[in-house]
Amino acid sequence: MAAEFPSDAQRPLGLRERKKLKTRIAIRRTTYRLIAEHGYEATTIEQIAAAAEVSPSTVFRYFPTKEDIVLTDEYDPIMEQVLRARPADEPPLESLRFILTGAVAEILRSEPEEMRQRTRLMVEVPALRARMTETMAATSQLLARPIADRAGRDPDDLEVRVFTASVMGALREAMLYWAERDQKDDLVALVNRTLDTLQGGLTL
């Protein structure tokens, strides 16, 4: 069972932050709708901007590429915040298990269709898979900071980088595995399985 995880809506946001968040969500939801109607390749930034009632430059200000609209969510800063609040003596893998299973469960609860469409597109569109590797590397670097602080190490230490990158790679494979099998499995359980594999190794 995934632990309860705070959603972005539960954080106190200022007026400016709320406006930005509302715009980001509107652009993303519009993009998913247009892709469902026309396909990924046929959906352009200009179409997205017009349907979301913003300018193309506004879309690019929030999302540098079309791939980022599909892949980006609001959870990275929340995950870092929750990770820093975990008990100092908790094993790092268990801390990351808490935030990743919690985040996945929250997205499935609050945005189930977006999650399903996103993972299907990750399987179907090579450009999205490539960009996903880059975005997960950025998330790995973000999460490496609190892990390194707890261990009294530098975030750029090889061991810290390998550890956080391995965990994010496990998450990536769980999501692809789920999508490749028609999303019939329990995704949170799959994430737990991948982390169990990291913890215990591959039994031959």
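Keep in mind the model is a prediction, meaning the values are calculated, not measured. (Residues numbered from 1 in each chain as written. Predicted model: local features only at pLDDT ≥ 70, side-chain atom pairs only at ≥ 80, totals over all residues. Heavy atoms only, no water.)

Q: Would you mind going over the environment of Glu 74 with me for this structure?
A: Tracing the chain through its elements places Glu 74 in the loop between helix H4 (66-71) and helix H5 (76-85). The buried category is assigned to Glu 74, whose relative accessible area is 12%. Along the sequence, Glu 74 and Ile 107 sit 33 residues apart, while their C-alpha atoms lie 10.0 Å from each other. Among the polar contacts made by the side chain of Glu 74, one reaches the side chain of Arg 24 at a distance of 3.1 Å. Within polar-contact distance, the side chain of Glu 74 engages the side chain of Arg 28 at 2.7 Å. (Helix = DSSP H or I, 4+ residues; strand = E, 2+ residues; numbered from the N terminus. Buried < 20%, exposed > 50% of the residue type's maximum accessible area, 1.4 Å probe, protein only. Polar contact = N/O pair within 3.5 Å; in protein donor to acceptor, adjacent residues only side chain to side chain.)

Q: Sorry, what's going on with the side chain of Glu 90 here?
A: Mapping Glu 90 onto the fold places it in the loop between H5 and helix H6 (92-110). A polar side-chain atom of Glu 90 sits 2.8 Å from a polar atom in the side chain of Arg 86. Among all residues touching Glu 90, those that are not within four sequence positions of it are Ser 95 and Arg 150. (Contact = heavy atoms within 4.5 Å.)

Q: Just checking my understanding: could you explain the packing of aromatic side chains for this structure?
A: One pass over the structure, following the stated rule, counts zero aromatic pairs. The ring of Tyr 40 carries the charged tip of Lys 66 above its face, separated from the ring centre by 4.2 Å. The lysine or arginine in question, Arg 86, covers the ring of Phe 98, its NZ or CZ lying 3.7 Å from the ring centre. (Phe/Tyr/Trp six-rings, centres within 6.5 Å; stacked < 30°, edge-to-face > 60°. Lys NZ or Arg CZ within 6 Å of the ring centre and 35° of its normal.)

Q: What should I look at first to understand the environment of Thr 197 in this one?
A: Position of Thr 197 among the secondary structure elements: in helix H10 (residues 187-200). Its relative accessible area of 40% is what places Thr 197 among the partly exposed residues. Measuring from C-alpha to C-alpha, the distance between Thr 197 and Ala 170 comes to 8.9 Å, with 27 residues separating the pair along the chain.

Q: Where do I start with the layout of surface pockets in this structure?
A: Taking a probe equal in size to a water molecule and rolling it over the atoms shows the remaining empty space. Size it by volume and the largest pocket reaches roughly 560 Å³. Residue lining of the largest pocket: 30 residues in total, with Leu 71, Thr 72, Asp 73, Tyr 75 and Asp 76 positioned closest to the centre. Elements supplying a minimum of two residues to the lining of the largest pocket: helix H1 (15-38), H5, H6, helix H7 (112-124), helix H8 (126-151) and helix H9 (158-180). Along the lines of polarity and charge, the residues of the lining of the largest pocket split into 18 nonpolar, three polar and nine charged. (1 Å grid on protein atoms, 1.4 Å probe; cavity = no way out; pocket = protein on both sides within 12 Å on 5 of 7 lines; lining within 4 Å. Points joined across faces, edges and corners; volume = space filled by probe spheres on them. Nonpolar A, V, L, I, M, F, W, Y, C, P; charged D, E, K, R; others polar.)

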